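Topology and contacts: notes
Residues per chain, in single letters:
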2 protein chains.
Amino acid sequence: MRKRKASGAPPLEPVARNGLLHRRALLTGGVVFAGAMSTGAALNGAAAEPLKDPEWSLMPGEVTPVLQKPSRFEAGVVRILSNPKGEPRTQHARAPLQMLDGTLTPNPLHFTILHSGIPDIDPEQHRFVVHGMVKQPLEYTVDTLLRYPLVTRKHFVECGGNSAGMFSNEPVQATVQQLHGLVSCAEWTGVPLSTILDEAGVDRKAVWMIAEGADDLLVSRSVPLKKGYEDAMIALYQNGERLMPGNGYPMRLLLPGYEGNMNVKFLRRLMITDQPAMTFYETRNYSPLLPDGKAYRFYFVQEVKSFITKPSYGMSLKGPGYYEISGLAYSGSGTVTKVLVSADGGKTWGNAAVEGPATPKAFTRFRMSWRWDGQPVTLTSRAWDDSGAVQPLRADFVALRGVTKEPVKSPYAFPNQHYNSLTAWGVDSKGEIQHVYA
Amino acid sequence: MRKRKASGAPPLEPVARNGLLHRRALLTGGVVFAGAMSTGAALNGAAAEPLKDPEWSLMPGEVTPVLQKPSRFEAGVVRILSNPKGEPRTQHARAPLQMLDGTLTPNPLHFTILHSGIPDIDPEQHRFVVHGMVKQPLEYTVDTLLRYPLVTRKHFVECGGNSAGMFSNEPVQATVQQLHGLVSCAEWTGVPLSTILDEAGVDRKAVWMIAEGADDLLVSRSVPLKKGYEDAMIALYQNGERLMPGNGYPMRLLLPGYEGNMNVKFLRRLMITDQPAMTFYETRNYSPLLPDGKAYRFYFVQEVKSFITKPSYGMSLKGPGYYEISGLAYSGSGTVTKVLVSADGGKTWGNAAVEGPATPKAFTRFRMSWRWDGQPVTLTSRAWDDSGAVQPLRADFVALRGVTKEPVKSPYAFPNQHYNSLTAWGVDSKGEIQHVYA
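Once a new chain begins, its residue numbering starts again from 1 and follows that chain's sequence as written. All chains are assigned letters beginning at A, and all ligands numbers beginning at 1, according to the order in which they are written. Two thresholds apply to this predicted model, a pLDDT of at least 70 for residue-level local features and 80 or more for giving and counting side-chain atom pairs, whereas whole-chain, interface and lining totals are computed over all residues. Side-chain metrics rest on all non-hydrogen atoms present in the structure, leaving aside hydrogens and water.

A count of helical and extended segments in chain A gives 8 helices and 24 strands. Taking 438 residues into account, the globule formula puts the C-alpha radius of gyration at 22 Å, and chain A, at 24 Å, falls close to it. Across its three principal axes, chain A shows a C-alpha extent of roughly 75 × 60 × 40 Å. Between buried and exposed lies partly exposed: a residue is buried under 20% and exposed over 50% of the maximum accessible area for its type, with that area taken using a 1.4 Å probe on protein chains only. The buried share of chain A, reckoned over its 438 residues, is 63%. Expressed as a percentage of contacts within chain A between residues at least 6 apart in sequence, the contacts between residues at least 24 apart total 74%. For every accessible area listed, the method is Shrake-Rupley and the probe measures 1.4 Å; residues are considered covered only by the protein chains on display. Summed over its atoms, the accessible surface of chain A is roughly 15,800 Å², and 54% of this surface lies on carbon and sulfur atoms. Positive: Lys, Arg. Negative: Asp, Glu. His and the chain ends are not part of the count. A charged residue contributes its charge at one atom only: NZ of Lys, CZ of Arg, CG of Asp or CD of Glu. Separation between the mean location of the 47 positive side-chain charges and that of the 40 negative ones in chain A comes to 5 Å. Runs of E in the DSSP output that reach at least two residues are strands. Runs of H or I that reach at least four are helices, and both are numbered from the N terminus. Put simply, the radius of gyration uses C-alpha atoms, and a globule should come to 2.2 Å times the residue count raised to 0.38. Any two residues having at least one pair of non-hydrogen atoms within 4.5 Å are treated as being in contact.

Structure representation (structure tokens):
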């Protein structure tokens, strides 16, 4: 068996500086791909020796369990907890996005934020009530909701405070999980909220609905009634199975594209009203401050955003050669239509492959082919959606929203909310990766 | 708070006999939905009393774990094992499809069949080799494959023996999980096989590839080389995370739409050749017998199929009123374009809602609105795909493929392979559900 080596294949078509390549050629180009490997000696790190029979090919394997779990070799693929002992305050669990691929977050790894622990709710006992400015207040159980017409849709949920470390005036050295792990994407199934609103008969003067959860803080948020008629649902299933306890079992409000905290978990009440409740989580905790000391009154939408997950901080490149750059893009205001990737810190850009079918308010995976020549480069990405929204450049974002005066020490601090500007990774000549502001 | 009761809403538009309803009216019809509930007293089984604070609303909840798991109230949502003690023979684990919704099977619940246990493979040590009729034999590690251009696609995998109990001359009384649980659907991410074949440089005279797994049986299957250039991939991720051990960790061959056993797990070898290997699994175990005693030589494609998951055997209807009929449709030859549902055993049919975007060779969820009047009915479904294929009626299927002479006693028996005809559920006046042949 021969090692792969340089071929006489024609050079690949570059799409931007520092080695960004045209992907189609790689996927359909025959020997061209071997050509792409021409500097990729490290790809042949495996000894080119005859195929051996390792121990697992010589003895029967393990017994099948009723529930599968990941290989013991994937034991590091877990969420990071901000308050691992569960002291009586908020617990954040961040998803290991840089270790995942595709567009879904497996349920065990879906991010969660709990302000007072995970309630242990008996679905037979749980009740959900719609009341306030309606013709007839109504009460539902899980069983009754499961008899309604259901819909299934793939959507991300993101904490308004995700990526808060990016408000630091100097880049925090941290992984994608630490910086951006408070977002996940799942296929949700539930009852369209419009069905329930129609059944209750909403007063024409109503403008808001106050959603309340059954956790012991009774987390409450005000939601524009209009969203209830657009794409809101009462979600009962997550990636095919019933909701995870930390994601709102047995039912949650799902408001596609709106900040996570509004997607009230353990939903027990919707009060239809003509004014917002001005609760803690909307007036203080999730109100982004502006440089002049004022704050947005409400800030619901998680705006268009992208970041490269691979390669990223914490990984290192094993020598020059071919790599795939890949990452996540999503938008609370529509469907991702375009992602550009740069390997020179934003001077030149190439069109990334956006995998489809891209759907509204859902993770979209983008991929860019890249041949690294071993010189320092700066990788970054920028996304567009079909509403016309574009991810703001960092200079523009900072001018509007500000940064801290002192460097933020921890990626888990929340100096501000709703960061959706760019993330950049600096690769040095050794292949080590730093978080940089490009 | 009032109980919901009959309104003066106009009657819903029927689309077929025995209560099949037009879904759009239900989802957009205001009070019309309350009208649909007019016979649904059981929907109000919950006492219409003021909202109380249950114990979980009065104390802090549980500590957040690094890996989430389902609520203890969902402890019954597990796979059924055919050989739970792991005696030295095949183990089947069937997915609880009637307890799930949407289009994905969570990884812990994805069906598996292991012929000699689950190998405990160290991904650092695992090697995959392409050899035979190629210009240069090549060897890959997990790490090298992860540097290639990846693709993400949602596809079902189904055992050729799924639904084998349907070959019984009398209907086996069994759940969807027992009858049809050897199929699942996931979002897979991996390297297109065509990239690897192109890199190795396949001889023009080659027609087949022999795939071999690293389990101790070295499970081997012959695959038409053509499939390798169509949509085959070497899958590394399943629903976002690395493959489950029982689904082929660290890598498997994925042949969208081809019978499960050909999607060789723990892939360690592809030998490119000009003839099939005629291995055990293709010449004996997965060769469907015909009534005249002959057998198909090869039978690769899992043909278009559907079945109703809710309501189904093992559930019971709690009185007359509105229910949603829902189920799964999929096809190994294309994208599901249409599903019809009947409530009178196939005499009249209504168009079910097919949720989108429907994609090729993937689970598609269909839904039909239904008002049960309390009389006996027979529910069934039938699917079409964009290749023009249609799920065969049972009489036609049986005429071609035959049935057993004696009733099959166990839903886990395999009298034959590749059943893709209809499944019907008989609902009696008490709401009890039997498996019937319509």
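The next subject is the relation of the copies chain A and chain B. Here the copies are matched by least squares. The fit uses the C-alpha atoms of residues with pLDDT of at least 70 in both. Take chain A, turn it by 180°, move it 0.0 Å along the axis, and it overlays chain B with an RMSD of 0.0 Å. Overall, the copies show the geometry of a two-fold rotation axis. Looking at the interface residues of chain A, 100% of them are also at the interface in chain B, so both copies use one shared face.

A separate point is the pattern of salt bridges. Should a side-chain nitrogen of Lys or Arg be within 4 Å of a carboxyl oxygen of Asp or Glu, the pair is scored as a salt bridge. Taken as a whole and judged by the stated rule, the model has 36 salt bridges over all chains. Measuring nitrogen to oxygen at the nearest pair gives 2.8 Å for the salt bridge that ties B:Arg72 to A:Asp120. Of this pair, B:Arg72 sits in the loop between helix H2 (32-36) and strand E3 (80-81) while A:Asp120 sits in the loop between strand E5 (112-114) and strand E6 (128-132), placing the two residues on different chains. Overall, A:Asp120 belongs to the partly exposed group, its relative accessible area being 26%. In this structure, the salt-bridge partner of A:Glu355 is A:Arg367, at a minimum N-O distance of 3.4 Å.

Here we come to the packing of aromatic side chains. Two rings from Phe, Tyr or Trp (for Trp, the six-membered ring) form a pair when their centres sit within 6.5 Å of each other. Planes less than 30 degrees apart are called stacked, planes more than 60 degrees apart edge-to-face, and all others tilted. Under the counting rule described, the total for this entry stands at 34 aromatic pairs over all chains. An angle of 45° between the planes, with centres 6.0 Å apart, marks the rings of A:Tyr323 and A:Trp370 as tilted. One end of the pair, A:Tyr323, is in strand E17 (residues 321-330); the other, A:Trp370, is in strand E21 (residues 364-372), and 47 residues separate them in sequence. Across the pair, A:Trp370 and A:Tyr323 agree in class, each one buried. Where B:Phe280 meets B:Tyr281, the ring centres are 4.9 Å apart and the plane angle is 85°; that geometry is what we call edge-to-face. Given a relative accessible area of 44%, B:Phe280 falls into the partly exposed group.

This part takes up the confidence of the model for chain A. Residue and element names in this part refer to chain A. Of all residues in chain A, 91% have pLDDT values of 70 or greater, and the mean over the chain is 91. The quantity called pLDDT is the predictor's confidence in a given residue, expressed from 0 to 100. Across residues 1-10, where pLDDT falls below 50, the model places 27 contacts with residues more than four positions away in sequence or in other chains. In the model, residues 29-48 has pLDDT below 50 throughout and makes 50 contacts with residues more than four positions away in sequence or in other chains. For this predicted complex, the interface score ipTM comes out at 0.94, alongside a pTM of 0.94.

As a further point, take the domain arrangement of chain A. All names here are of chain A. Delimitation of the domains relies on an automatic or database domain assignment. Domains assigned within chain A are domain 1 (114-285) and domain 2 (305-436). Placing the centre of domain 1 and that of domain 2 at their C-alpha centroids yields a distance of 29 Å. For the domain 1 and domain 2 pair, buried surface summed over both sides reaches about 3,100 Å², with 60% attributable to carbon and sulfur atoms. Counting the contacts that link domain 1 with domain 2 gives 2 salt bridges. A salt bridge links Glu 158 to Lys 305, with the shortest nitrogen-to-oxygen separation between them at 2.8 Å. In protein, a polar contact requires one atom able to donate a hydrogen and another able to accept it; more generally it is a pair of N or O atoms within 3.5 Å, and residues adjacent in sequence count only if both atoms are side-chain atoms. Across the domain 1-domain 2 interface, the total number found is 21 residue pairs in polar contact (both at pLDDT 80 or more). For the side of domain 1 that touches domain 2, the elements supplying multiple residues, two or more each, are strand E8 (151-158), helix H4 (176-180) and strand E9 (183-192). In terms of residue class, the side of domain 1 that touches domain 2 is made up of 13 nonpolar, 15 polar and 6 charged. Here the quantity called buried area is the total loss of accessible area, with a 1.4 Å probe, experienced by two parts when brought into contact, counted for both. Three classes are used, and their members are as follows: Ala, Val, Leu, Ile, Met, Phe, Trp, Tyr, Cys and Pro are nonpolar, Asp, Glu, Lys and Arg are charged, and the others, Gly among them, are polar.

Contacts between the two partners involve 128 residues from chain A, matched on the other side by 128 residues from chain B. Of the roughly 10,600 Å² buried at the junction of chain A and chain B (both faces included), carbon and sulfur atoms supply 55%. Among the residues of chain A in contact with chain B, A:Trp56, A:Gln68 and A:Arg147 are the three that bury the most area, contributing 10% of the side total. Residues A:Arg268 and B:Asp53 are paired through a salt bridge, measuring 2.8 Å at the closest nitrogen-oxygen approach. Counting every contact that joins chain A to chain B gives 50 residue pairs in polar contact (both at pLDDT 80 or more).

Moving on to the sheet that holds strand E10 (residues 208-213) of chain B. Residues and elements named next belong to chain B. Each pair of strands is called paired provided DSSP finds at least two bridges between the two strands. Reading across the sheet, the 5 strands line up as E7-E6-E15-E10-E11 and stay open at both edges, with mixed pairing between neighbours. Taken across any chain shown, the strands that pair with only one partner, and hence form the sheet edges, are strand E7 (138-140) and strand E11 (220-224). Strand-to-strand twist in this sheet, taken as the mean axis angle between neighbours without regard to direction, amounts to 20°. Relative to strand E15 (residues 267-273), strand E6 (residues 128-132) is paired through 4 bridges, and the arrangement is parallel. The residue bridging Val 130 from the neighbouring strand is Leu 270, located in E15. Only the contacting stretch of a helix is used when fitting its axis, a line to C-alpha atoms as for every element, and angles between N-to-C directions run 0 to 180 degrees. Its contacts with the sheet place helix H5 (residues 193-200) against E6, E7, E10 and E15, and it is angled at close to 140° to E7.

Attention now goes to the side chain of A:Gln178. All names here are of chain A. Position of Gln 178 among the secondary structure elements: in helix H4. A polar contact of 2.9 Å, which involves the side chain of Gln 178, links it to the backbone nitrogen of Thr 175. For Gln 178, the contacting residues outside a window of four places in its chain are Ile 80, Arg 94, Pro 411 and Tyr 412.

Next up on the list: the sheet that holds strand E18 (residues 336-342) of chain A. All names here are of chain A. If you walk across this open sheet you meet the 5 strands as E19-E18-E22-E23-E24, and the pairing is antiparallel. What marks the edges here is a single partner per strand, and that holds for strand E19 (350-351) and strand E24 (433-436). Here E18 runs beside E19; their pairing, made up of 2 bridges, is antiparallel. What sits directly across from Val 341, in E19, is Gly 350.

Residues and elements named next belong to chain B. Here strand E4 (residues 91-94) shows a buried face lined by Gln 91 and Ala 93 and a second buried face lined by His 92 and Arg 94. Of the strand pairs in this sheet, E4 and strand E5 (residues 112-114) are connected by 3 bridges, and their pairing is antiparallel. Pairing of Gln 91 across the sheet is with Leu 114, part of E5.

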